[in-house]
Amino acid sequence: MRALVLRKMGELVLEEREIPSPGEGEVLLRVVATGICGSDIHGYTGANGRRVPGQVMGHESVGTVAALGPGVEGSGLAVGQPATFNPVVLPVEDAEAFAGREQHSPNKTVIGVAPEIPAAFADYLVVPARNIVPLPDDMPIERGALVEPLAVALHAVRRVRAAEHSRALVVGGGPIGQSVVLALRLEGVRTVFVSEVDPARRALCERLGATAMDPEAGSILAFLETHGGPVPVALDAVGISVTVADALNATEFGGSVCLVGMGARRLDLDAYRISTEERTIVGSFTYSAADFADAAALVAGGGDEIGELISREVAPEDADATFTALAGRDGTAGKVLVRFDR
Ligand SMILES: [Zn+2]
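Because the structure is predicted, anything quoted here is derived from the model rather than measured.

## Digging into the nonpolar core
Thinking step 1. Val170, Val181, Leu184 and Leu235 are the most contacted members of the largest nonpolar core, which totals 53 residues.
Thinking step 2. Only β3 (26-35), α2 (147-159), β10 (167-171), α3 (175-186), β11 (191-195), α4 (199-207), β13 (231-236) and α8 (289-301) provide two or more residues apiece to this core.
Thinking step 3. Among the elements that take part in this core, α2 stands out by supplying eight residues, more than any other.
Thinking step 4. Two domains share this core, each providing at least three of its residues, namely domain 1 (2-148 + 287-339) and domain 2 (161-283).
Thinking step 5. With sequence-adjacent residues up to four places away left out, Leu184 is seen in contact with Val157, Ala162, Ala168, Val170, Val189, Val192 and Leu235.
Thinking step 6. Grouped together as the second largest cluster of nonpolar side chains are 40 residues, Ala3, Leu28, Ile36 and Val65 included.

See below:
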């Protein structure tokens, strides 16, 4: 089989490897498509230090069940079944203690991040059967690669309790921000604003039902003053000082800001926006198993707007050039998938 190996920072090579065989409690997945995450790009360049040479990355993926390991026969999974997988893997002994908040387990491993696990930028990978999430036969299968990023977004929307409100702001309209827009809409938030400098990304967010504005053309707060005033909740899908400041400035007194973007390790904050005006900042990272399953159901049952999140699909042979282009901000508005089934 083919596997995309991070040979060194800035270089992905296509290698021929043995197809792995599923062990006890595991499933072999035939990969159809795997999405390129911002964390993969920053791992590829070395910017985030979260990927290492020799690794096969890939955590936003969809495929079909190719083989069942020992002990999986009675699980209801069948060969040929379309499926995605939840990349957050807990040791079995942690399952009960961390039920409902699996992402908090200090013993978790993340497929596609942990360097010792060959992940989904390959024709096949092995996944614990308990992390497999089946998908219906009648959906465009590549959309299954959007479940993971949508789970990230859904978790953030739930963390900041956005569904209790009718208006929200998303700061940053890149792939994370786009998923957050979609999650807000699917969770019933009627009016979603997006602040984004790139016109193609603004246009994509508008197609998802948001009202987009350019923060370089005027302040977000001034824009909101003509659109009903400050918002009760804002979600920062960038995570740098200037965007957190935008999110704090755009929320009403007592409002909440969710930090889901991871653009910077340290932030410069206007503390009085938090103390004297009683705003709350909440963090959000990955998702619970329930968030992931709910995101899968939303993708499976959702309308055609979900397909808007995919900008293009590339062949494995073109992955290295695509990573380089995305790292150089080539103007791609949405998500790029590496397609392995063609
Ligand atoms: Zn990701």
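Structure shown, so let's carry the discussion forward.
## As for the environment of Arg101
Thinking step 1. Its location among the elements puts Arg101 in the loop between β6 (88-89) and β7 (109-110).
Thinking step 2. For the pair Arg101 and Ala289, spaced 188 residues apart in sequence, the C-alpha separation works out to 7.6 Å.

## Observations regarding the coordination of the zinc ion
Thinking step 1. At the metal site, the zinc ion is ligated by Cys37 (SG), His59 (NE2) and Glu60 (OE), and these contacts range over 2.1 to 2.7 Å.
Thinking step 2. Here the donor residues of the zinc ion are spaced in sequence according to C-x21-H-E. Note that Cys37 is positioned in the loop between β3 and α1 (38-45) and His59 in the loop between α1 and β4 (60-68), a separation of 22 residues in sequence. Note on accessibility: Cys37 and His59 belong to one class, buried.

## Here's the deal with a nonpolar patch on the surface
Thinking step 1. Taken together, the side chains of Leu267, Leu269 and Ile281 present a nonpolar region at the surface, about 210 Å² in accessible area.
Thinking step 2. Here Leu269 shows up in the loop between β14 (251-259) and α7 (271-275).
Thinking step 3. On the basis of relative accessibility, which here comes to 40%, the residue Leu269 falls in the partly exposed class.

## A short note on the side chain of Gln178
Thinking step 1. As for its placement among the helices and strands, Gln178 is situated in helix α3.
Thinking step 2. A relative accessible area of 1% means that Gln178 is categorised as buried.

## Observations concerning the pattern of salt bridges
Thinking step 1. On inspection of all chains with the given rule, the structure shows 22 salt bridges.
Thinking step 2. For Glu11, the salt bridge goes to Lys8, with nearest N and O atoms at 2.9 Å.
Thinking step 3. Through salt bridges with shared partners, a single network forms among Glu142, Glu313, Arg339, Asp341 and Arg342.

## Concerning α8
Residues lying three or four places apart along an α-helix face the same way, a consequence of the helix completing one turn every 3.6 residues.
Thinking step 1. The terminal C-alpha atoms of α8, which comprises 13 residues, lie 18 Å apart, in line with the 18 Å expected from a rise of 1.5 Å per residue.
Thinking step 2. Of the positions making up α8, those classed as buried are Asp291, Phe292, Ala295, Ala296 and Val299. Seen end-on, α8 carries its buried residues on one side only, within an arc spanning 140°.
Thinking step 3. Of the surrounding elements, those touching the buried residues of α8 are β5 (82-85), β9 (132-134) and α2.

## Remarks on the packing of aromatic side chains
Thinking step 1. All told, the structure shown has four aromatic pairs when counted by the stated rule.
Thinking step 2. Ring geometry for Phe193 and Phe223: centres 6.2 Å apart, planes at 85°, overall edge-to-face. A residue pair is termed long-range when its members are at least 10 positions apart, and Phe193 in strand β11 and Phe223 in helix α5 (residues 220-225) qualify at 30 residues.
Thinking step 3. According to the relative accessible area criterion, Phe193 is buried, its value standing at 3%.
Thinking step 4. You can call Phe223 buried: its relative accessible area is 18%.

## Looking at the environment of Ala290
Thinking step 1. Counting through the fold element by element, Ala290 comes out in helix α8.
Thinking step 2. Distance from Ala290 to Ala99, taken between C-alpha atoms, is 9.2 Å for residues 191 residues apart in sequence.

## A few points about the packing of α2 against α3
Thinking step 1. Between α2 and α3, whose axes approach to 8 Å, the crossing angle comes to 60°. Judged by the angle between their axes, α2 and α3 are oblique. For α2 against α3, the interelement crossing comes out right-handed. Residues Pro149, Leu150, Ala153, Leu154 and Val157 of α2 pack against Ser179, Val180, Leu182, Ala183, Leu184 and Leu186 of α3.
Thinking step 2. Taken together, the residues of the contact of α2 with α3 break down into 10 nonpolar, one polar and no charged.

## A closer look at the domain arrangement of the protein chain
Thinking step 1. Assigned domains of the protein chain: these are domain 1 (2-148 + 287-339) and domain 2 (161-283).
Thinking step 2. Taking the mean C-alpha position of each, domain 1 and domain 2 sit 28 Å from one another.
Thinking step 3. Each partner contributes residues to the interface: domain 1 has 13 residues there, and domain 2 has 11 residues.
Thinking step 4. Between domain 1 and domain 2 lies a buried interface of about 1100 Å² when both sides are counted; carbon and sulfur atoms form 65% of it.
Thinking step 5. The largest per-residue losses of area from domain 1 upon contact with domain 2 belong to Glu308, Leu309 and Ala333, which jointly make up 46% of the total buried on that side.
Thinking step 6. Between Arg207 and Glu308 there is a salt bridge, with its nearest N and O atoms 2.7 Å apart.
Thinking step 7. At the junction of domain 1 with domain 2, the criterion picks out two residue pairs in polar contact (both at pLDDT 80 or more).
Thinking step 8. Within the side of domain 1 that touches domain 2, the residues separate by chemical class into four nonpolar, four polar and five charged.

The rules behind the values
- Residues numbered from 1 in each chain as written.
- Predicted model: local features only at pLDDT ≥ 70, side-chain atom pairs only at ≥ 80, totals over all residues.
- Heavy atoms only, no water.
- Core = buried A, V, L, I, M, F, W, Y, C linked by side-chain atoms within 4.5 Å.
- Buried < 20%, exposed > 50% of the residue type's maximum accessible area, 1.4 Å probe, protein only.
- Helix = DSSP H or I, 4+ residues; strand = E, 2+ residues; numbered from the N terminus.
- Domains from an automatic or database assignment.
- Contact = heavy atoms within 4.5 Å.
- Donors = N, O, S within 2.8 Å, 3.2 Å for Na, K, Ca; no water.
- Patch = residues over 30% accessible without salt bridge, like charges linked within 9 Å, V, L, I, M, F, W, Y side chains within 5 Å.
- Areas by Shrake-Rupley, 256 points an atom, 1.4 Å probe, with all protein chains shown as cover.
- Salt bridge = Lys/Arg side-chain N within 4 Å of Asp/Glu carboxyl O.
- Expected span 1.5 Å × (residues − 1).
- Arc of directions from axis to C-beta.
- Phe/Tyr/Trp six-rings, centres within 6.5 Å; stacked < 30°, edge-to-face > 60°.
- Axes fitted to C-alpha atoms, helices over the stretch in contact; angles between N-to-C directions.
- Parallel < 35°, antiparallel > 145°, perpendicular 65-115°, else oblique.
- Left-handed = near helix turned anticlockwise from the far one by under 90°.
- Nonpolar A, V, L, I, M, F, W, Y, C, P; charged D, E, K, R; others polar.
- Buried area = accessible area lost by both parts, 1.4 Å probe.
- Polar contact = N/O pair within 3.5 Å; in protein donor to acceptor, adjacent residues only side chain to side chain.

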